[in-house]
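Chain by chain, the residues run as shown.
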Amino acid sequence: MPTFNLFWSNLMSGFIEDYFASRIAESLEDKSVERIERLLSSPELIEFDSRSAVLVGSTPKYNVAVFKTHVAEDRLTFSGVMRELVQSFTPVEGNAMGITPNTFAAWSEMYAESFTAINELHYRQASEEGVSKPWMFIGYAAGGAVAQIAAASFKPARLITFGAPDAGNAVLEEAVFQGCTGSRWEFMSDFNTRIPLRLRRSTEGNTRYIDSNGVLETEPKLSLRSPKDWFERSPITAYSDWMDGAIHGR
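First things first, this report covers the structure right here in the doc. It should be emphasised that the depicted structure is a prediction, and the values quoted were computed from it without experimental measurement.

### Section: the packing of helix α4 (residues 101-128) against helix α5 (residues 142-153)
The N-to-C vectors of α4 and α5 enclose an angle of 60°; their axes lie 9 Å apart at closest approach. Viewed along their axes, α4 and α5 adopt a mutual orientation that is oblique. Considering the relative orientation of α4 and α5, their crossing is right-handed. Here T103, A106, W107 and M110 of α4 come into contact with α5, specifically with A145, V146, I149, A150 and S153. Each residue belonging to the contact of α4 with α5 can be placed in one class, and the counts come to seven nonpolar, two polar and no charged.

### Re helix α7 (residues 236-248)
Taking 1.5 Å per residue, 13 residues should reach 18 Å; α7 reaches 19 Å between its end C-alpha atoms and fits that length. By the burial criterion, the buried members of α7 are I236, Y239, S240, W242, M243, D244 and G245. Backbone geometry just after α7 places G249 at a positive phi near 70°.

### Thoughts on the sheet that holds strand β8 (residues 216-217)
Taking strand neighbours across the sheet as the criterion, the eight strands line up as β1-β2-β3-β4-β5-β6-β7-β8 in an open arrangement whose pairing is mixed. At either end of the open sheet lies a strand with only one pairing partner, and these are β1 (41-47) and β8. Across five bridges, strand β3 (residues 63-68) lies against strand β4 (residues 135-140) in parallel orientation. Each residue of the ladder has a partner; that of V66, found in β4, is I138. Its contacts with the sheet place α5 against β3, β4, β5 (157-162) and β6 (180-187), and it is angled at close to 155° to β4.

### Section: the packing of aromatic side chains
Applying the stated rule across the entire model yields 12 aromatic pairs. Each ring, one from W185 and one from W242, has its centre 5.8 Å from the other, and the planes form 55°; the classification is tilted. Pair noted here: W185 is in strand β6 and W242 is in helix α7, with a separation of 57 residues, a long-range link. Exposure class is identical for W185 and W242. Each is buried. Put simply, the rings of F67, W107, Y111, F115, W135, F137 and F154 touch in pairs and so form one group of aromatic residues.

### Examining the pattern of salt bridges
Charged atoms that come close allow side chains of opposite charge to pair. Considering all chains together, one arrives at eight salt bridges under this definition. Across the salt bridge formed by R158 and D18, the nearest N and O atoms sit 2.9 Å from each other. One end of the pair, R158, is in strand β5; the other, D18, is in helix α1 (residues 2-30), with 140 residues separating them in the sequence. Take R158 and D18: they sit in the same class, and that class is buried. When the shortest N-O distance is used, the salt bridge between R184 and D166 registers 2.6 Å.

### Here's the deal with the side chain of E26
Along the chain, E26 falls in helix α1. Residue E26 is classed as buried on the basis of its relative accessible area, which comes to 12%. Residues within four places of E26 in sequence aside, it is in contact with R35, I236, T237 and S240.

### Section: the pairing of strand β7 (residues 207-210)
Neither face of β7 is left uncovered, since the one carrying T207 and Y209 and the one carrying R208 and I210 both have all their residues buried. As paired elements, β6 and β7 share four bridges and run parallel to each other. When the sheet's bridge partners are listed, E186 is paired in β7 with Y209. Relative to β8, β7 runs antiparallel, the two being bridged by two bridges. Looking across to β8, one finds that I210 is bridged to L216. In textbook terms, the turn of a hairpin is the stretch between consecutive antiparallel strands, and for β7 and β8 this stretch comprises five residues, one of which, G214, has a positive phi near 80°.

Rules used in this analysis
Residues numbered from 1 in each chain as written. Predicted model: local features only at pLDDT ≥ 70, side-chain atom pairs only at ≥ 80, totals over all residues. Heavy atoms only, no water. Axes fitted to C-alpha atoms, helices over the stretch in contact; angles between N-to-C directions. Helix = DSSP H or I, 4+ residues; strand = E, 2+ residues; numbered from the N terminus. Parallel < 35°, antiparallel > 145°, perpendicular 65-115°, else oblique. Left-handed = near helix turned anticlockwise from the far one by under 90°. Contact = heavy atoms within 4.5 Å. Nonpolar A, V, L, I, M, F, W, Y, C, P; charged D, E, K, R; others polar. Expected span 1.5 Å × (residues − 1). Buried < 20%, exposed > 50% of the residue type's maximum accessible area, 1.4 Å probe, protein only. Pairing = 2+ DSSP bridges. Phe/Tyr/Trp six-rings, centres within 6.5 Å; stacked < 30°, edge-to-face > 60°. Salt bridge = Lys/Arg side-chain N within 4 Å of Asp/Glu carboxyl O.

Everything listed here is a matter of coordinates, which is why it stays silent on function.
If you want it as structure tokens, here you go:
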């Protein structure tokens, strides 16, 4: 019984932190300035011509960077899925981590300003407050793929993603796992989380799968999954609503 209680305590603690991350990601999706200011201290919002955005701020425990990349549609078509798969296996020159083309383009656009904002916050805190907070990187959908690259670049860090595809190959996977802790949340019906397709998923072991009945797997096994609808992307609100119910027993 004590072992189970410790497991449940750790799990609920992770839920609360991940729930907070989902609310930050949701506020960035909605561009809700008031909500952002309630959740983060000294938030800086960086927006790009592609409608991608980066949000940098802090909490008492973490410095936080949240990534949003533009996605044209919430619901994929069959041709859209095929296009994503083709791009997943298209090599990018000078890209040892095998980062997929769309993610590579998004990160290239965001990198310089994100790097500046992250380091300015870090150095300002160190010089003015004498603190060095760990970083938390958050991303929803395609923004979660960019968050993986950021976490690998600025580790050690905490990485929390929602409905995100894998950003790259085993080289990136190793870089993330060596210096990051965190959670990857997926609804089983979300095809976006299965790109690129490969036998070994880079996230087994820290993935939280939620099935169509709302049942959670905290340590999913590598197995064939047959969701009812592979073309439905779960909105970020689905994750925060699910965790809110889990935390408050609803």
